[in-house]
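Structural description and commentary
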Number of protein chains: 2
Amino acid sequence: MPISDEFAFIQKIIPPNTFQTGLVMGIGDDAALFRTRENTEQIICMDTMVEHVHFKKTTMSPFQIGYKALAVNISDIAAMGGTPLYYLVSIAIPSNWDEQDIYEIYQGMQNLASRFSMDLIGGDTTSTNGGLVITVTVIGEIMKEKHLLRRNARDKDIVFVTGTIGDSAGGLDLLLKNGRNYPYNDNEQFLIHKHQMPVPRVKEGNILAKYERVALNDVSDGLASELYEIAEASGVSIIIEKDKLPLSIPLRQIYQEKAFQYALFGGEDFELVGTCSPIDWENIKRDFEQQKIPIQAIGHVENGPARVFIQEKGSLKILEKKGYNHFKK
Amino acid sequence: MPISDEFAFIQKIIPPNTFQTGLVMGIGDDAALFRTRENTEQIICMDTMVEHVHFKKTTMSPFQIGYKALAVNISDIAAMGGTPLYYLVSIAIPSNWDEQDIYEIYQGMQNLASRFSMDLIGGDTTSTNGGLVITVTVIGEIMKEKHLLRRNARDKDIVFVTGTIGDSAGGLDLLLKNGRNYPYNDNEQFLIHKHQMPVPRVKEGNILAKYERVALNDVSDGLASELYEIAEASGVSIIIEKDKLPLSIPLRQIYQEKAFQYALFGGEDFELVGTCSPIDWENIKRDFEQQKIPIQAIGHVENGPARVFIQEKGSLKILEKKGYNHFKK
């Protein structure tokens, strides 16, 4: 293993201070201990990023790999409407990564964690003969009964999405062509940054959790795939309008028509996509405007088969149920 | 990836029923949701097992790999005095493992989980170009203030260990020599079983958690290493007596003097080692006797440098602070 002294390394990556008052015992014993607040539910998720499958050394710096491995998980907490509190990290390290690389991975995580006042409370470091494997567990909380599930979509609901979509896939396309040390222009940099360091939509999820019946998902595997999950979990048809998809100016300018492919089938934007009643939509829109956060209505829900349709120039087509495959599978 | 249809595979591994009444939402949304009991603390840990580092196909069946990956984590909960409730599993799968192998890994976990009424509530499956990597997170609970930390050892305390130690290292030695399909005799089978399917000591930890001030660790990296952790966390000297180390008859018969090396420096026994006051020791011994669970006093604690000593034939030696390195590092 590239880490010569595991104990000394762990001392180096323990953050200097903790944020959460519920934390009883973090790193330093067999397991971590925490207390929960009254009238809350705990939210927990676990996601893995694998070298050569989800990233390459040519597409992401160690700092960015750490940042994103945590972001992916925080995004899942956001998609439940919750607030992240703690994280644990397990990392299997190949011999061609050095200790400084691994340290920077943890720095990338700490950078994002401190923005959300999250504490690192455990994990594991091991060696492996293959690509680097990083698994993160995040624990969050939400007030009882306030969580947002995929199965909440109903007839006549509005379908919405936050921010812009497809940018991450565009950024990945550029990175695979030129690597991460190429002199990109501003438009290209914008897309690359969205791929390397996406911001999980915790604030957005918290706003949405104030409403009674919102179905919610984060865009990790592509918009089409996420909409299918909502349609299937709720047993409804979803109809989106191609014209309404929120595409960024850089994505449109660089990719033109291909931008729509990235928006529909490119993953890892970590925006939130969901449905709500038409009445709630007016209030949600106002809440987002007040906070200057972009959100866009892109379609509606109808009773019908659990499928997703896309309207383009007056005609309705079934949207392909394909997801995001990274660059290898 | 060897799994052709991830969705269908996940349906196959979701256990048919759940045990925990606190579970609000398990597998099937962005994250899992659970409620906690009043006056409890939550315990969480995360451990990874890597092919060629922690196991080989020649030493463990897929079922046993799954079983043990969960057991390692349950053992950490036990070492805090707690009770395991939920688990999440992330698995990075190389192309030379087939879907049936992976299914059996999950079966091995479910076998152990159902014994402790634990629910599988999340995780991830990905591919990798290296050896198989399996990471498990376990969440448990304990009544507030009842957790057992390593830093609790004090002058004059009794040092104890449950069960017998060194068996797992003996079993691994046999497996590395002959593989797992060799016609082993009963003594050898005993050791091999202790390596492949150790039972985490949850019941034992629960008994110990009833006492005020117990320091506790699980024997994952070897007795010497675990005792050093207690000595360092508590700032005390620990003195153990070689004659008192609980060695199984199979280990003694097969390995003679080498048995002591395995007992001191061989890991993965998942017995509990700890310290308690002499008064509590009398009661603990009685509790364990009543439940017919083996526990043995092996030494005592003294004020002094944070070191571990071993007494043999009247002379005191510093015990080497070396840990368990599996068969490659």
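Since the structure is predicted, the reported quantities are computational estimates derived from the model, not experimental observations.

1. Quick notes on the overall build of chain A
Secondary structure assignment for chain A yields 10 helices and 13 strands. Its C-alpha atoms give chain A a radius of gyration of 20 Å, near enough to 20 Å, the size a compact globule of 329 residues would have. Across its three principal directions, the C-alpha atoms of chain A cover 65 × 50 × 35 Å. The buried share of chain A, reckoned over its 329 residues, is 62%. A sequence separation of at least 24 residues applies to 85% of the contacts in chain A between residues at least 6 apart.

2. Digging into the interface of chain B and chain A
The interface of chain B with chain A comprises 59 residues on the first partner and 59 residues on the second. Note on chain B versus chain A: buried area summed over both sides is about 4,600 Å², and carbon and sulfur give 57% of it. When the buried area of chain B at its contact with chain A is split by residue, Asp-30, Ile-44 and Met-46 of chain B rank highest and sum to 17% of it. Counting the contacts that link chain B with chain A gives eight salt bridges. In this structure, the salt-bridge partner of Asp-29 of chain A is Arg-150 of chain B, at a minimum N-O distance of 3.7 Å. Contributions of two or more residues to the side of chain B that touches chain A are made by strand 1 (23–25), strand 2 (32–34), strand 3 (40–50), strand 4 (83–93), strand 5 (119–127), strand 6 (133–143) and strand 8 (215–218) of chain B. Residue contributions to the side of chain B that touches chain A peak at nine residues, all from strand 3 of chain B. By the bridge criterion, three bridges tie strand 2 (residues 32–34) of chain A to strand 3 of chain B in an arrangement that is antiparallel.

3. Some points on the sheet that holds strand 12 (residues 308–312) of chain B
Residues and elements named next belong to chain B. With mixed pairing, the seven strands of this open sheet are ordered in space as 8-10-7-11-9-12-13. Edge positions in the sheet fall to strand 8 and strand 13 (315–318), since each of these pairs with one other strand and no more. Across the sheet, the axes of successive neighbouring strands diverge by a mean angle of 25°, strand direction being ignored. Taken together, the five bridges between strand 7 (residues 158–162) and strand 11 (residues 295–302) define a ladder with antiparallel strand orientation. By the bridge assignment for strand 11, Ile-158 is matched with His-300. Contacting strand 7, strand 8, strand 9 (237–241), strand 10 (272–276), strand 11, strand 12 and strand 13, helix 7 (residues 223–234) runs over the sheet at an angle of about 35° to strand 10. Most of the contacts of helix 10 (residues 278–290) go to strand 11, to which it runs at about 170°, and overall it touches strand 7, strand 10 and strand 11.

4. Topic: the relation of the copies chain B and chain A
Superposing chain B onto chain A takes a rotation of 180° combined with a translation of 0.0 Å along the rotation axis, leaving an RMSD of 0.0 Å. Look at the turn and shift together and you get a two-fold axis relating the two. No C-alpha of chain B approaches the rotation axis more nearly than that of Gly-130 of chain B, which lies at 1.7 Å. Looking at chain B, 100% of its interface residues are interface residues in chain A too, so the copies touch through the same face.

5. Things to note about the side chain of Gln-42 of chain B
Topologically, Gln-42 of chain B is positioned in strand 3. Engagement of the side chain of Gln-42 of chain B in a polar contact is seen with the side chain of Thr-40 of chain B, the distance being 3.2 Å.

6. Thoughts on the pattern of salt bridges
For the structure shown, the criterion picks out 42 salt bridges over all chains. We note a salt bridge from Glu-312 of chain A to Lys-317 of chain A, for which the minimum N-O separation is 3.6 Å.

7. Regarding the confidence of the model for chain A
For chain A, mean pLDDT is 95; residues scoring 70 or higher make up 98% of the total. As scored by the predictor, the complex reaches a pTM of 0.95 and an ipTM of 0.95.

8. Let's talk about the sheet that holds strand 10 (residues 272–276) of chain A
Residues and elements named next belong to chain A. If you trace the seven strands from one edge of the open sheet to the other, you get 8-10-7-11-9-12-13, paired in mixed fashion. At either margin of the open sheet sits one strand with a lone partner, and together these are strand 8 (215–218) and strand 13 (315–318). Looking at each pair of strands side by side, their axes are set apart by 25° on average, direction ignored. Set on the sheet, helix 7 (residues 223–234) makes contact with strand 7 (158–162), strand 8, strand 9 (237–241), strand 10, strand 11 (295–302), strand 12 (308–312) and strand 13; between it and strand 10 the angle comes to about 35°.

9. So, helix 9 (residues 258–265) of chain B
All names here are of chain B. Of all eight residues making up helix 9, six are buried, and the element is well covered by its neighbours. Considered for burial, the residues of helix 9 that qualify are Ala-259, Phe-260, Tyr-262, Ala-263, Leu-264 and Phe-265. Elements that come into contact with the buried residues of helix 9 comprise helix 4 (167–178), helix 7, strand 9, helix 8 (249–255) and strand 12.

10. Describing the state of the cysteines
Evaluated as defined, the whole model comprises zero disulfides over all chains. Considering cysteine sulfurs only, Cys-45 of chain B is the nearest to Cys-45 of chain A, which forms no disulfide, with 17 Å between them.

11. As for the packing of helix 2 (residues 62–78) of chain A against helix 3 (residues 99–115) of chain A
A pair of packed helices is characterised by two quantities: the angle between their axes and the separation of those axes. All names here are of chain A. Contact geometry for helix 2 and helix 3: axes closest at 6 Å, N-to-C directions at 45°. As the angle between them shows, helix 2 and helix 3 are arranged oblique. Relative to helix 3, the crossing made by helix 2 is right-handed. Residues Pro-62, Phe-63, Gly-66, Tyr-67, Leu-70, Ala-71 and Ile-74 of helix 2 pack against Asp-101, Glu-104, Ile-105, Gln-107, Gly-108, Met-109, Asn-111, Leu-112, Ala-113 and Arg-115 of helix 3. Considered class by class, the residues forming the contact of helix 2 with helix 3 number 10 nonpolar, four polar and three charged.

12. With respect to the environment of Ile-254 of chain B
Residue and element names in this part refer to chain B. In this fold, Ile-254 is placed in helix 8. C-alpha separation for the pair Ile-254 and Gly-205, spaced 49 residues apart in sequence, amounts to 30 Å. In contact with Ile-254, other than residues within four places in its own chain, are Asn-187, Glu-188 and Leu-191.

13. Overview of helix 7 of chain A
Residues and elements named next belong to chain A. Between its first and last C-alpha atoms helix 7 spans 16 Å; for 12 residues at 1.5 Å apiece the expected length is 16 Å, and the two agree. Burial of helix 7 is extensive: nine of the 12 residues sit out of reach of the surface. All of the buried residues along helix 7 are Leu-223, Ala-224, Ser-225, Glu-226, Leu-227, Tyr-228, Ile-230, Ala-231 and Ser-234. Gly-235 sits one or two residues past helix 7 and shows a positive phi near 65°.

Rules used throughout
Residues numbered from 1 in each chain as written. Chains lettered and ligands numbered in written order. Predicted model: local features only at pLDDT ≥ 70, side-chain atom pairs only at ≥ 80, totals over all residues. Heavy atoms only, no water. Helix = DSSP H or I, 4+ residues; strand = E, 2+ residues; numbered from the N terminus. Rg over C-alpha atoms; globule rule 2.2 N^0.38 Å. Buried < 20%, exposed > 50% of the residue type's maximum accessible area, 1.4 Å probe, protein only. Contact = heavy atoms within 4.5 Å. Buried area = accessible area lost by both parts, 1.4 Å probe. Salt bridge = Lys/Arg side-chain N within 4 Å of Asp/Glu carboxyl O. Pairing = 2+ DSSP bridges. Axes fitted to C-alpha atoms, helices over the stretch in contact; angles between N-to-C directions. Least-squares fit on C-alpha atoms with pLDDT ≥ 70 in both. Polar contact = N/O pair within 3.5 Å; in protein donor to acceptor, adjacent residues only side chain to side chain. pLDDT = per-residue confidence, 0-100. Disulfide = S-S within 2.5 Å. Parallel < 35°, antiparallel > 145°, perpendicular 65-115°, else oblique. Left-handed = near helix turned anticlockwise from the far one by under 90°. Nonpolar A, V, L, I, M, F, W, Y, C, P; charged D, E, K, R; others polar. Expected span 1.5 Å × (residues − 1).

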